[in-house]
Number of protein chains: 2
Amino acid sequence: MERITATYFIETPFEPEAAAAVLAGEQSSGTFVAVPGETAELKQRFAARVESVERLETVTEPAIPGASSSTGNYHRALVNVSWSVENFGYNLPVLVSTLQGNLYEIRQFTGLKLLDLDVPSSYADQYAGPAFGIEGCRALTGVYERPLIGTIIKPSIGLTPEQTADLVRTLAEAGIDFVKDDELQGAAANSPFEARVDAIMNVINRHADKTGKKVMYAFNISGEMDEMLRRYDKVVSSGGTCAMVSLNSVGLAGAKKICDQRALAIHGHRNGWGMMTRHPLLGIEFTAYQKLWRLAGVDQIHVNGIQNKFWESDDSVVQSIQACLTPLLGGYSVLPVVSSGQWGGQAPETYRRTQTTDLLYMAGGGILAHPMGPKAGVLALQQAWEGAVQGLGIPEIAARYPEFAESVRKFGSL
Amino acid sequence: MERITATYFIETPFEPEAAAAVLAGEQSSGTFVAVPGETAELKQRFAARVESVERLETVTEPAIPGASSSTGNYHRALVNVSWSVENFGYNLPVLVSTLQGNLYEIRQFTGLKLLDLDVPSSYADQYAGPAFGIEGCRALTGVYERPLIGTIIKPSIGLTPEQTADLVRTLAEAGIDFVKDDELQGAAANSPFEARVDAIMNVINRHADKTGKKVMYAFNISGEMDEMLRRYDKVVSSGGTCAMVSLNSVGLAGAKKICDQRALAIHGHRNGWGMMTRHPLLGIEFTAYQKLWRLAGVDQIHVNGIQNKFWESDDSVVQSIQACLTPLLGGYSVLPVVSSGQWGGQAPETYRRTQTTDLLYMAGGGILAHPMGPKAGVLALQQAWEGAVQGLGIPEIAARYPEFAESVRKFGSL
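Predicted model only: the values in this text are computed from it and were never measured.

Colleague: Before we go on, may I ask you to explain the sheet that holds strand E1 (residues 3-12) of chain B in this structure?
Modeller: Sheet strands pair by backbone hydrogen bonding; their relative direction is either parallel or antiparallel. Residue and element names in this part refer to chain B. Read across the sheet, five strands follow the order E2-E3-E1-E4-E10 without closing on themselves; strand pairing throughout is mixed. In this open sheet, the two edge strands, each paired with only one partner strand, are strand E2 (49-59) and strand E10 (282-284). Strand after strand, the sheet turns through a mean of 15° between neighbouring axes, direction not considered. Judged from the seven bridges that link them, E1 and strand E4 (residues 111-118) form a sheet pairing that is antiparallel. Of the residues in E4, the one forming a bridge with Thr5 is Asp118. Strand contacts of helix H1 (residues 16-26): E1, E2, strand E3 (74-84) and E4, with the helix running at about 135° to E2, the strand carrying the most contacts. In the packing of helix H12 (residues 286-296) onto the sheet, the strands contacted are E4 and E10, and the crossing angle to E4 comes to about 50°.

And the structure:
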């Protein structure tokens, strides 16, 4: 019978093998006293199985509060556990409850992080996955052989639909490929959702009629279920190509229902993610996380960026991009969204380390605040990537392209 | 204009006031370079406001990775921030993105936990809240002036519908008020959801016809949106009174859609919660968390129990029960679900510290493994609570009631 596997980084004051057995018991058929009905056959079929325990370092301070150690030692280990698909069939929320669920509560662990998960090939028959993915997002925007260049409406909140549409006009005329709402903008008092869609799509549709290029705008439809579906339909009927969902705030069931509509590319914003991963020994790694959302059908997912303004290290960002670009069950293509403090100067290092242009590369203030204007701002980003792909560094790209050179002068010290 | 407020426990290598300003900027109109359109009027209306900063201790080791301190000091503080309701109106996912969202990513913090939140009274006009709450769950089960006594089907997974129904029959005849699926049981290969509902509700309905007492069974409907709704309808049409949702795995949009049906009491299982709260300086406290789910309409929510088998301290459990019993906007009644290693011996301490019987008190192995049989197991739990309410301790209750005395002998050393 096919099995689902998960790899955890654990820390425990007990023997790692014993702690792993507690995990497997808690997450399948276990209880704190033996009960009738827990037969050998049932255990054989449904019990989680500890596949391997690889001991790592021992430390003397626990990472998070839990059982204390009688020896003063806390052992770290990599643990691989498996479950039969018979336990819950094909149900992403129950998959999450099984792989994450109560195990963060187990006192025998003073640290536990889900590093990775693998689902068997039969999942491919059950989950349609992203309706667009990388190729679909390229087709919708007509952008090939370079990253999609995107930006965010700033200020995040407070602009009227008309002000937002004016900004979108400026950005469209500047040659932008993609624009998104901020995750804080749902429907502010001065920017009702429908009015915002009307104003923005009017600009985008006219620009497309004139130039043949349709800017992809990710309208933030995050909200309660029926409202999300209504807003989704509004975007579709207005000729939009994309909707944004705050994945953690909306949740797996709601986000999947949106993805299942399959008429718009879904921009998966991972705000709230820091809580789930920032501690090295608590939560979930992006490698595991992004697989869940690809199964749900998200087409684009945030990964931060090189030298971002947030806490995340470059190594972690590179690993996240690689995770997105690694096929899942042979497919489930998802476009990594690079953002946070990006201005083009990070393009050479991003390309050097990932060797890909299959990215949505988001620059916030870097475009509109470009000294030579927004058009130069977009151009500078394209130049940065042209140079990066040719293996050039920042000084060489700046020497070749005046718009990029201006970016370096303005943003290079940030 | 009405404002939403949030209180955070932060740690930062910078001045707490400066770090709080970064938080407020990131979570409203800020960006890393000034952009046109960020006018004074717009900021006045939509910017988040730091209401207060209360400095606490200074430490020399950061709680979680972030910016390093040039002085070697990391300052802790309580920070209160507010947002106008105009920013996003009434939208729980956007509320979460605003109050939690990207702020866990901010490098200026080496620790950040959302302790509490307050929404203005106009929320009461927008959110119907729990359809049943404490009084409704009492009315559905006919249990008054003592906790509802509940148990969990164990083994968690592996029983057939018939085996599960047999167990439910035993429990119903033993006088149980409430039974729930484990969160790992959605629809195992040998226990299709519909067949399980049919088998169990057949037992429960017959028992109700005979005795007038309808056992509340929380069927785990957690899953993808359409399937959850189908399963919800199946429970309703079969005469069930309750459905269980794994809140974190399903997410806010999906869970609220289920609560909005208002035909079943919703048992909110918080598995996955450990990840969100176990670190003292990362994530969210239960006081804030339970408010979100009460607004969404959850009728019952897990709080662990005194001397639980998990990591959580008794103080934290008591605080969680008190949070649930504190009216939210004057209502939004939710029944706290006490569980994890409970057998009746914790009743005196639970009552002493909370002075309430408005609880769903769950015992797992404690009932079915009672030496005198399940009926004695249920009776022992009722006795424990009768004694607890009279201010008796374990020895006094054991001296008065033989079934409880047997529980003490069997489970008292666990």
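Colleague: What should I look at first to understand empty space enclosed by the protein in this one?
Modeller: Gaps left between atoms are located by rolling a probe of water-molecule size over the structure's atoms. Applying the stated criterion across every chain yields a total of five cavities of 30 Å³ or more. Roughly 530 Å³ of internal volume is contained in the largest cavity. As for the largest cavity, its lining consists of 29 residues, and the residues nearest its centre are A:Asn248, A:Ser249, A:Met276, B:Asn248 and B:Met276. Counting only elements with at least two residues in the lining of the largest cavity, the list comes to helix H9 (247-250), helix H11 (273-277) and helix H12 (286-296) of chain A together with helix H9 (247-250), helix H11 (273-277) and H12 of chain B. Among the residues forming the lining of the largest cavity, the class breakdown is 17 nonpolar, twelve polar and no charged.

Colleague: When you look at the UniProt feature "domain: Ribulose bisphosphate carboxylase large subunit C-terminal" (unreviewed entry) in chain A in this model, what are you seeing that I'm missing?
Modeller: As recorded in UniProt, the feature "domain: Ribulose bisphosphate carboxylase large subunit C-terminal" (unreviewed entry) lies at residues 134-409 of chain A. The annotated region residues 134-409 of chain A carries 49% helix and 13% strand content, and the separation between its end C-alpha atoms amounts to 33 Å.

Colleague: Would you take a moment to explain unusual backbone geometry for this structure?
Modeller: Most peptide bonds take the trans configuration, and most residues that are not glycine carry a negative phi. The omega torsion across A:Lys154 and A:Pro155 is -5°, close enough to zero to call that bond cis. As for its placement among the helices and strands, A:Pro155 is situated in the loop between strand E5 (148-152) and helix H6 (161-173). Of note in the backbone geometry, A:Ser340 takes a positive phi value of approximately 85° without being a glycine. As for its position among the elements, A:Ser340 is in the loop between strand E12 (335-338) and helix H14 (347-354). Even without glycine at this site, B:Gln307 takes up a positive phi of about 50°. On the secondary structure map, B:Gln307 appears in the loop between strand E11 (300-302) and helix H13 (314-325). With relative accessibility at 48%, the residue B:Gln307 sits in the partly exposed group.

What counts, and where the lines are drawn
- Residues numbered from 1 in each chain as written.
- Chains lettered and ligands numbered in written order.
- Predicted model: local features only at pLDDT ≥ 70, side-chain atom pairs only at ≥ 80, totals over all residues.
- Heavy atoms only, no water.
- Pairing = 2+ DSSP bridges.
- Helix = DSSP H or I, 4+ residues; strand = E, 2+ residues; numbered from the N terminus.
- Axes fitted to C-alpha atoms, helices over the stretch in contact; angles between N-to-C directions.
- Contact = heavy atoms within 4.5 Å.
- 1 Å grid on protein atoms, 1.4 Å probe; cavity = no way out; pocket = protein on both sides within 12 Å on 5 of 7 lines; lining within 4 Å.
- Points joined across faces, edges and corners; volume = space filled by probe spheres on them.
- Nonpolar A, V, L, I, M, F, W, Y, C, P; charged D, E, K, R; others polar.
- UniProt positions renumbered as here; feature names shortened; annotations may be inferred.
- Buried < 20%, exposed > 50% of the residue type's maximum accessible area, 1.4 Å probe, protein only.

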